[in-house]
There are 2 protein chains.
Amino acid sequence: MAYIELPEGLPGIRGPMAFRPETAQPLNDLAEALLRSENSLTRGERELIATYVSHLNDCFFCQNAHGGLAQHYLACDMKFIDGVKENFQHADIPEKIKALLTIAGSVQKSGKEVTEAQVEHARSLGATDKEIHDTVLIAASFCMFNRYVDGLGTSAPLDREFYIKRAPKRAEEGYSGYDPYQ
Amino acid sequence: MAYIELPEGLPGIRGPMAFRPETAQPLNDLAEALLRSENSLTRGERELIATYVSHLNDCFFCQNAHGGLAQHYLACDMKFIDGVKENFQHADIPEKIKALLTIAGSVQKSGKEVTEAQVEHARSLGATDKEIHDTVLIAASFCMFNRYVDGLGTSAPLDREFYIKRAPKRAEEGYSGYDPYQ
């Protein structure tokens, strides 16, 4: 039971979004701009950053909803996603993405944890200013989304396959026109 | 010097917002919906929640920019704002706002820190579901804004009067049409 009365049968962020469409719209527009719009980081890479930060914040709904999307875009299995969450340095991902995940991990603790050395390392591996900017804002925004979902005590399906099955449809629809009732 | 090349002379969040208008728009739309739109919480009360969370996250720019706005709306002095930041239980504010600040303080740590007892206490003092929802999302969103500002290593004027002087103009203009160059 969530802490406030939310429309029934909508797990995770969908309940609060249906409860308050005035804030849902800019939240979804932000997700669309960060995770889905044209970018030199692939959609899979950006969803992976979102998944990793949601894992660090221990948000079950977000790490599985976005983990499912990352898995869909990257055409990998759940074991690969879990490997990135547990130890991305050992995962088979580009070194640039590892450097960006390091920055994202700092942001999750505090903005002040990001260091010039972390940013320079990412840049030396080819990260652009826009990619660094977007990594910081994706990580920061999931510190918001995760707190929004858990701070209202929402519930979420425990079967991780639920999220994986929904991912292709979610990938196609995108965020901006998102209908929390669907 | 910020970690990425931002338009010059724009302190705090204004640099990243000028750098990336595609994400600035939903961020400002979110701030407008949460902090400035019609609400049973006053604008001053909502800016106070934003200020308190920014203080907990030690974000100098945000706690002063929004502290200046809270001071403007509440027609109080800086000492009053600082008193709320340091110990709101002793401040001359309604008990309902103290209960909402307690929830905001939990959200700042983690969404999972919010308890049913905190929410019930706020409700017993007259807080509505919408007020509780908005408190959680204001607190969560400032966990994003603070990380965005500090995670990119932006700079900010150290003179706190700078923010107080800007507040009346900022209050009048609002967030949605915000021009970071002004």
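Above this text sits the structure in question.
Let me sum up the structure you'll find in this document. This structure is a prediction, so every number in the text was calculated from the model and none was measured.

Concerning the interface of chain A and chain B
Consideration 1: In this complex, chain A contributes 44 residues to the contact, which on the side of chain B involves 44 residues.
Consideration 2: Of the roughly 3600 Å² buried between chain A and chain B on both sides combined, carbon and sulfur atoms contribute 68%.
Consideration 3: Interface area lost by chain A to chain B is led by Tyr3(A), His133(A) and Arg147(A), which between them contribute 20%.
Consideration 4: Where chain A touches chain B, the interface holds four salt bridges.
Consideration 5: In this structure, Arg20(B) engages Asp134(A) in a salt bridge whose closest nitrogen and oxygen atoms are separated by 2.6 Å.
Consideration 6: At the surface where chain A touches chain B, the tally comes to 18 residue pairs in polar contact (both at pLDDT 80 or more).
Consideration 7: Only α1 (14-19), α2 (21-36), α6 (95-109), α7 (116-124) and α8 (129-151) of chain A provide two or more residues apiece to the side of chain A that touches chain B.
Consideration 8: Among the elements that line the side of chain A that touches chain B, the one with the most residues is α8(A), at 15 residues.
Consideration 9: Residues of the side of chain A that touches chain B, tallied by class, amount to 20 nonpolar, 10 polar and 14 charged.

Let's talk about α7(A)
Residues and elements named next belong to chain A.
Consideration 1: By the burial criterion, the buried members of α7 are Gln118, Val119 and Ala122. End-on view of α7: buried residues confined to an arc of 95 degrees, all on one side of the axis. For α7, the exposed residues lying more than 90 degrees away from the buried face are Ala117 and Ser124.
Consideration 2: Summarising the contacts, the buried residues of α7 are in contact with α6 and α8.

Side note on the side chain of Thr154(A)
Residue and element names in this part refer to chain A.
Consideration 1: Along the chain, Thr154 turns up in the loop between α8 and α9 (161-173).
Consideration 2: Accessibility expressed as a relative area gives 17% for Thr154, which makes it buried.
Consideration 3: A polar side-chain atom of Thr154 sits 2.8 Å from the main-chain carbonyl oxygen of Val149.
Consideration 4: Beyond its immediate chain neighbours, meaning those up to four positions away, Thr154 contacts Ala2, Leu6, Gly12, Pro16 and Val149.

Criteria and thresholds
Residues numbered from 1 in each chain as written. Chains lettered and ligands numbered in written order. Predicted model: local features only at pLDDT ≥ 70, side-chain atom pairs only at ≥ 80, totals over all residues. Heavy atoms only, no water. Contact = heavy atoms within 4.5 Å. Buried area = accessible area lost by both parts, 1.4 Å probe. Salt bridge = Lys/Arg side-chain N within 4 Å of Asp/Glu carboxyl O. Polar contact = N/O pair within 3.5 Å; in protein donor to acceptor, adjacent residues only side chain to side chain. Helix = DSSP H or I, 4+ residues; strand = E, 2+ residues; numbered from the N terminus. Nonpolar A, V, L, I, M, F, W, Y, C, P; charged D, E, K, R; others polar. Buried < 20%, exposed > 50% of the residue type's maximum accessible area, 1.4 Å probe, protein only. Arc of directions from axis to C-beta.

Note that all results are geometric; they support no functional claim without further evidence.
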